[in-house]
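# Close look at the chain arrangement
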Amino acid sequence: MALLSKQERRHFPDWDDPGQCQFHSVTIDLEKCDGCKLCTIICPANVLELFGDKAKKKARVKANARGCISCNNCFAICESGAIEASQHYDFVGYYRQLGRGEFSKPRVF
Amino acid sequence: MAQASVAALRNEDPEEVEKEAGRSSTITVVPEGAAWNGVEQTMLKRRSIRKYKKAQVPGHLIRRMLEMGRFAPSQGNCQPWKFVVIRDADMIQGIEDFCVGTCKKLSRGIDYYTYPAGSFKYFITRAKAKLFNRLQPNMMHPVPVSGITAIAEGRFAVFHKAPTVILLLMDKRGIGVPAIDIGICGTNIVLAAQSLGLGTCWIGFSKFLNQSPEWCARLGVEEPYEIAEAITVGYPVGDPTHLIARETHEIGWFEGGKKEILY
């Protein structure tokens, strides 16, 4: 018995097919975002950018961005609590994620 | 005779041993729901820091971190590590340039999606990438591959312009699986750094340096050692310590003759 089928183990996803390589994304609350830019410079996948007028810039995910790994570093640095990843990346075939539950803040037991 | 004494040792009642030794200790249980202690807070606040202030980290703090690495557990106490600390900006730029060059070469050879779809280059690179993917499934995971592309395109740095870089060298003759010992040693180092107000990031792409005889000679990386990992150190930009959400993982829990799945 195995968690991945034989077929899955043999299938390496096409890197250029978003249907097979599901990098994730973050949700940004534009009401809360004060355009401080910190998230755009610490993002390991470099998928965030600022947009808008000089006075009220906001952060957003770049168009055709690739590579968000849901690390939540953007959340960790955001002073206004405007940005968060809530789903992990996943891929089809050989790299399918296994044994994962919901996103959760650190729990006290 | 030897066998008998081993058996006796195994069967000794731990409480009796303590009593005989006159060293009775009491069990202290942290109550349920107690607030996180200092070590736990350090672990929860640690993030991988990829943007550093220009200020250099005082040398004594680097020594302090490495001292924690020195006391990490290892298989058979083999301590298969050696450290190289680089604090000169031009040398860090040198290793950066080498690793970026390697990423560019790799990217040209495997990143088929950077070529026009349907072109001959796309076709041949894709075939190569698929084969390489099968041979090296860990390295050729879509995440590091997109990292290689980003570095090759200049959108991302390898050593993040950190003021200090620590190379973790591994003695390949280490007992069992020495790479695990390097991981444990480095964990001690990064957690110590976090507790000292420093930011760190593990740099796996530093392994490319092993392919350069010039850099190996300059850095003192000789057989049977190889660069297993690197850790960048510096003062983080901003305050990246808000506690984040992350997915839970399956736990198989065996107790009272039953198996439970917890998350």
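Just so you know, these numbers come straight off a predicted model, no measurement behind them. (Residues numbered from 1 in each chain as written. Chains lettered and ligands numbered in written order. Predicted model: local features only at pLDDT ≥ 70, side-chain atom pairs only at ≥ 80, totals over all residues. Heavy atoms only, no water.)

### Some remarks on the overall build of chain B
Of regular secondary structure, chain B possesses nine helices and seven strands. Overall, chain B is about 75 × 45 × 45 Å in size when its C-alpha atoms are taken along their principal axes. Classification of the 263 residues of chain B by burial places 41% in the buried group. Within chain B, residue pairs in contact and separated by at least 24 positions form 75% of the contacts whose partners lie at least 6 positions apart. Accessible surface, chain B: about 15300 Å² in total, of which carbon and sulfur atoms supply 56%. Averaging the positions of the 32 positive and the 27 negative side-chain charges in chain B gives two centres separated by 11 Å. (Helix = DSSP H or I, 4+ residues; strand = E, 2+ residues; numbered from the N terminus. Buried < 20%, exposed > 50% of the residue type's maximum accessible area, 1.4 Å probe, protein only. Contact = heavy atoms within 4.5 Å. Areas by Shrake-Rupley, 256 points an atom, 1.4 Å probe, with all protein chains shown as cover. Lys, Arg positive; Asp, Glu negative; His and termini not counted. Charge placed at Lys NZ, Arg CZ, Asp CG, Glu CD.)

### Side note on the sheet that holds strand S1 (residues 81–86) of chain B
All names here are of chain B. The four strands lie next to each other as S1-S2-S4-S3, forming an open sheet whose pairing is antiparallel. At either end of the open sheet lies a strand with only one pairing partner, and these are S1 and strand S3 (199–203). Each neighbouring strand pair of the sheet contributes to a mean axis angle of 25 degrees, computed without reference to strand direction. Where strand S2 (residues 164–171) and strand S4 (residues 225–234) come together, eight bridges link them in antiparallel fashion. (Pairing = 2+ DSSP bridges. Axes fitted to C-alpha atoms, helices over the stretch in contact; angles between N-to-C directions.)

### Observations concerning a negative patch on the surface
Negative charge collects at one region of the surface, where B:Glu12, B:Asp13, B:Glu15 and B:Glu20 lie side by side. When its relative accessible area of 69% is taken as the criterion, B:Glu20 is described as exposed. (Patch = residues over 30% accessible without salt bridge, like charges linked within 9 Å, V, L, I, M, F, W, Y side chains within 5 Å. Salt bridge = Lys/Arg side-chain N within 4 Å of Asp/Glu carboxyl O.)

### Brief notes about the confidence of the model for chain A
With 100% of its residues at a pLDDT of at least 70, chain A reaches an overall mean of 89. Per-element mean pLDDT across chain A ranges from 84 in strand S1 (residues 21–22) of chain A up to 93 in helix H3 (residues 73–77) of chain A. (pLDDT = per-residue confidence, 0-100.)

### Some details on the pairing of S4(B)
Residue and element names in this part refer to chain B. Among the 10 residues of S4, eight are classified as buried, and the element is accordingly described as predominantly covered. As judged from the five bridges shared by S3 and S4, these two strands associate in the antiparallel manner. Residue pairing for S4: Trp 202 is matched across the bridge by Ile 231.

### With respect to the interface of chain A and chain B
If you look at the interface, chain A gives 43 residues, while chain B gives 43 residues. Carbon and sulfur atoms supply 57% of the area that chain A and chain B bury against each other, a total of about 3900 Å² over both sides. At the boundary of chain A with chain B, the tally comes to three salt bridges. With a closest N to O distance of 2.6 Å, A:Arg100 and B:Glu247 form a salt bridge. Our enumeration of links across chain A and chain B arrives at 24 residue pairs in polar contact (both at pLDDT 80 or more). For the side of chain A that touches chain B, the residue count by class is 25 nonpolar, eight polar and 10 charged. (Buried area = accessible area lost by both parts, 1.4 Å probe. Polar contact = N/O pair within 3.5 Å; in protein donor to acceptor, adjacent residues only side chain to side chain. Nonpolar A, V, L, I, M, F, W, Y, C, P; charged D, E, K, R; others polar.)

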